[in-house]
Amino acid sequence: MCGEPWYLLCDDYYRADNIDSFPRYYPAMLFDVVDATHSKYWVEYQRIDECVDTKPEVTNYSFPEFAQDPYFYGELLEACDENYSKVFNRYKLLMETEAWNGYPTATLIQNLKIAALSDEELHEIHTHCTANREEVEASSRCACFYCQEVFRATEVKDYIVEPSMDYKETALCPRCGADTILGDAAGIPFYKELIEKLHRHYFG
Ligand SMILES: [Zn+2]
């Protein structure tokens, strides 16, 4: 594959319940990386590519069964042995759950921007954790920068009324009870580095 990285993706046509469905290779140049985190299920594995005449050594990042078996992808395509698609779909589910519960890691440029945030900009982000019921209810995920957990917005059940702010309501963290929740509807990316910076800034 000529030195360019390729991604193996489950596109919109992929169906985990259909053995004839398979992931497809796409060149990395078609995508921007918004989350540079590697899955904890990936291993790095080098092997000689027997399919190419020059037999280059290629590096694979994938789960161990896929990375170490040069015929794994071919088996997925042929769809004769459902054990291959079972293994593939099991990792797919694990990685989707992992992406949901964890924080993405910022890329270098995003990290530089986070490091350069001023006190005023941090304060602006902080305003989203007060009188934020509407924003939390419009969110899919929330992050708490006190306990630094990520969770579904539907887990948020408790609010306190803010008499000084038109009686709007402030969400309380379902994990630690603190009033330091940001909803993703606020448009603030939940990078691990940003949540850690907020934690250090306000709880030092
Ligand atoms: Zn919390």
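Keep in mind it's a predicted model, so treat the numbers as computed, not measured. (Residues numbered from 1 in each chain as written. Predicted model: local features only at pLDDT ≥ 70, side-chain atom pairs only at ≥ 80, totals over all residues.)

This next bit is on the overall build of the chain. Across its full length, the chain holds 7 helices and 9 strands. At 22 Å, the chain has a C-alpha radius of gyration far larger than the 17 Å of a compact globule built from 204 residues. The C-alpha extent of the chain, read off along each of the three principal axes, is 70 × 35 × 25 Å. Counting only residues that meet the buried cut, the chain has 14% of its 204 residues in that class. Taking as baseline every contact in the chain between residues at least 6 positions apart, the subset at least 24 positions apart corresponds to 57%. (Helix = DSSP H or I, 4+ residues; strand = E, 2+ residues; numbered from the N terminus. Rg over C-alpha atoms; globule rule 2.2 N^0.38 Å. Buried ≥ 20, exposed ≤ 12 C-beta atoms within 10 Å, placed from the backbone. Contact = placed C-beta atoms within 7 Å.)

Further remarks concern the domain arrangement of the chain. By a widely used convention, the size of an interface equals the accessible area lost when the partners come together. What the domain assignment lists for the chain is domain 1 (6-101) and domain 2 (117-203). Between the C-alpha centres of domain 1 and domain 2 the distance comes to 35 Å. (Domains from an automatic or database assignment.)

Inspection of the sheet shows strand β7 (residues 159-162) paired to strand β8 (residues 168-171) by 4 bridges, in the antiparallel sense. Bridged to V161 within β8 is E169. (Pairing = 2+ DSSP bridges.)

Further remarks concern the sheet that holds strand β5 (residues 141-144). Strand pairs in the sheet, formed through backbone hydrogen bonds, run parallel or antiparallel to each other. If you walk across this open sheet you meet the 3 strands as β6-β5-β9, and the pairing is antiparallel. With partners counted over all chains shown, the strands left at the sheet margins are β6 (150-152) and β9 (181-183), one partner each. Direction aside, the axes of adjacent strands within the sheet are offset by 30 degrees on average. (Axes fitted to C-alpha atoms, helices over the stretch in contact; angles between N-to-C directions.)

For H123, the position within the fold is in helix α5 (residues 119-126). Residue H123 is classed as exposed on the basis of its C-beta count, with 12 C-beta atoms lying within 10 Å. Each C-alpha atom of the pair H123 and L198 lies 9.3 Å from the other, and the pair is 75 residues apart in sequence.

Here is a general trend for soluble globular proteins: nonpolar side chains tend to be buried in one another's company. Among the nonpolar cores identified, the biggest contains 17 residues, and C142, A143, F145, I181, L182 and I195 are the most heavily contacted of them. Secondary structure elements with two or more residues in this core: β5, β9 and α7 (192-203). Excluding anything up to four places from it in sequence, A143 contacts V150, L182, F190 and I195. (Core = buried A, V, L, I, M, F, W, Y, C linked by C-beta atoms within 7 Å.)

Residue placement: G3 occurs in the segment before β1 (6-9). For the pair G3 and P56, spaced 53 residues apart in sequence, the C-alpha to C-alpha distance is 9.1 Å.

Across the chain, the average pLDDT comes to 89, with 99% of residues at 70 or higher. Per-element mean pLDDT across the chain ranges from 86 in strand β3 (residues 43-48) up to 98 in β8. (pLDDT = per-residue confidence, 0-100.)

So, on to unusual backbone geometry. With a phi close to 55 degrees, A79 is a non-glycine residue in the positive phi region. Mapping A79 onto the fold places it in the loop between α2 (72-78) and α3 (82-101). C-beta crowding within 10 Å serves as the criterion here: with 14 such atoms nearby, A79 is assigned to the partly exposed category. For A131, which is not glycine, the phi dihedral falls at a positive 50 degrees. Within the fold, A131 resides in the loop between α5 and α6 (133-137). A131 gets classed as buried once you count the C-beta atoms within 10 Å, which come to 20.

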